[in-house]
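Examination of the molecular architecture
Below, each chain spelled out in residue letters.
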Amino acid sequence: MSENKPVVGVIMGSQSDWGVMKETTKVLELLEIACEAKIISAHRTPKRLSDYVEGAEARGVKIIIAGAGGAAHLAGVTAALTTLPVLGVPMESQALKGMDSLLSIVQMPGGIPVGTLAIGKAGAKNAGLLAAAIIALMDEGVAERLSSWREQQSQSIAYEPVDQ
C-alpha cells in the first residue's frame, strides 16, 4: 500500500476477499493514489468497522471501497456510518455465484447510497477506476494520469482483427 496518507480506504470482509480486492489497490497504485487495505467484517468485527469508519475522514480518506460476499453487509453498514462515498464490490460466492452479494449491496434503502460495481475482479478494478474518477474532480494530477491510462487502454485495442 501507499506510504502517503491514504485517500482511498479499501476494506474487505475476510482474507479470502484479498485476491479480488487486490485489483482495486493495483489500479489505485498505478494511478498514484494513496490507499490502505484492511480486513473488517461487518458481522464478526463490528467495533473495528465502527472505529475505522469514524476515523477515516480525519485521516484524510475521501472514498471507501468495501468488498464482501454472501450477506455482504459491509458496504451498506459502512455507508450508514459515514457521509463519505462508499463503493461496494460483491464477491463471487459458492452458493449463488455472487448474485446474493450483488443483491445485498445494490438493494439499499433510500437515504443510504452505495455505488455498486460488478461481481468479482472486474468490479474491484472498476471500483478503483471510479474512485480515481471521483478524486480526479479535485486533483488535476490524478485527472491527467486517469486520462492517460484510458488513452493507453484505447490504444492497446486492435482496430482490425488478425488471424492467430
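Everything in this summary refers to the structure shown in the same document. Position labels on residues start from 1 in each chain and follow its written sequence. Per-residue local features are limited, in this predicted model, to residues with pLDDT of at least 70; the limit for side-chain atom pairs, both in listing and counting, is 80 or more; totals at the level of whole chains, interfaces and linings are taken over all residues. Values shown for side chains rest on all heavy atoms present in the structure; no hydrogens or waters enter the calculation.

Comments concerning the pairing of strand β1 (residues 8–12)
The criterion, for reference: Exposure categories follow from relative accessible area, calculated using a 1.4 Å probe and restricted to protein chains: below 20% of the type maximum is buried, above 50% is exposed, and the middle band is partly exposed. Secondary structure counts use DSSP, requiring at least four H or I residues in a row for a helix and at least two E residues in a row for a strand, with both numbered from the N terminus. The pairing criterion is simple: DSSP has to find at least two bridges between the two strands.
Most of β1 is tucked away: five of the five residues are buried. Of the two faces of β1, the one holding Val8, Val10 and Met12 and the one holding Gly9 and Ile11 are both buried throughout. Pairing geometry for β1 and strand β2 (residues 35–39), over five bridges, is parallel. Opposite Val8, over in β2, you have Cys35 as the bridge partner. Sheet topology note: the β1/strand β3 (residues 63–68) ladder contains five bridges and is parallel. Bridge pairing in β3 places Ile11 opposite Ala66.

A look at a nonpolar patch on the surface
Note the following rule: Patch members must show over 30% relative accessible area and no salt bridge, and they are joined within 9 Å when carrying like charges or within 5 Å when they are nonpolar side chains of Val, Leu, Ile, Met, Phe, Trp or Tyr. For the accessible areas, the method is Shrake-Rupley and the probe is 1.4 Å, while residue cover comes only from the protein chains on display. When a carboxyl oxygen of Asp or Glu is within 4 Å of a side-chain nitrogen of Lys or Arg, the pair counts as a salt bridge.
Together, Leu96, Met99, Leu103 and Val106 line one region of the surface with nonpolar side chains, adding up to about 370 Å² of accessible area. Tracing the sequence through the fold places Leu96 in the loop between β4 (86–90) and α4 (99–106).

Some details on the sheet that holds β1
With parallel pairing, five strands are arranged side by side in an open sheet as β2-β1-β3-β4-β5. Looking at which strands have only one partner, the edges of the open sheet turn out to be β2 and β5 (115–116). Judged from the five bridges that link them, β3 and β4 form a sheet pairing that is parallel. Across the sheet, residue Gly67 finds its bridge partner in β4, namely Val89.

So, the layout of surface pockets
Convention followed: Cavity and pocket criteria rest on a 1 Å grid covering protein atoms alone: a 1.4 Å probe that fits but cannot get out defines a cavity, protein on both sides within 12 Å along at least 5 of 7 lines defines an open pocket, and an atom within 4 Å of a point defines a lining residue. Grid points are joined across faces, edges and corners, and a volume is the space filled by probe spheres set on the points. The nonpolar class holds Ala, Val, Leu, Ile, Met, Phe, Trp, Tyr, Cys and Pro. Asp, Glu, Lys and Arg form the charged class, and all remaining residues, Gly among them, are polar.
The volume enclosed by the largest pocket comes to roughly 290 Å³. Gly13, Ser14, Asp17, Ala68 and Gly69 are, among the 20 residues lining the largest pocket, the residues nearest its centre. Residues of the lining of the largest pocket, tallied by class, amount to eight nonpolar, nine polar and three charged.

Here we look at the environment of Gly115
As a reminder, the rule being used: By the convention used here, residues are in contact when the closest approach between their heavy atoms is within 4.5 Å.
Tracing the backbone through its elements, the reader meets Gly115 in strand β5. Excluding anything up to four places from it in sequence, Gly115 contacts Val86, Leu87 and Gly88.

Focus: helix α3 (residues 74–81)
Since one α-helical turn is 3.6 residues long, residues separated by three or four positions face the same way. Among all positions in α3, only Leu74, Ala75, Gly76, Thr78 and Ala79 are buried. In this structure, the buried residues of α3 make contact with β1, α2 (46–56), β3, β4 and α4.

Description of the packing of α2 against α3
Think of two packed helices as two axes; the pair is described by the angle between the axes and how far apart they sit. Here is the rule we go by: Structural elements are reduced to axes, namely lines fitted to C-alpha atoms, with helices fitted over the stretch in contact, and the angle between N-to-C directions of any two is expressed from 0 to 180 degrees. We call two directions roughly parallel when the angle between them is under 35 degrees, roughly antiparallel when it is over 145, roughly perpendicular when it lies between 65 and 115, and oblique otherwise. The crossing is said to be left-handed when, going from far helix to near helix, the turn is anticlockwise and less than a right angle, and right-handed when the turn is clockwise.
The contact between α2 and α3 brings their axes to 10 Å, and the two run at 45°. On the basis of their axis angle, the class for α2 and α3 is oblique. For α2 against α3, the interelement crossing comes out right-handed. Where α2 abuts α3, its residues Leu49, Ser50 and Val53 lie against Leu74, Val77, Thr78 and Leu81.

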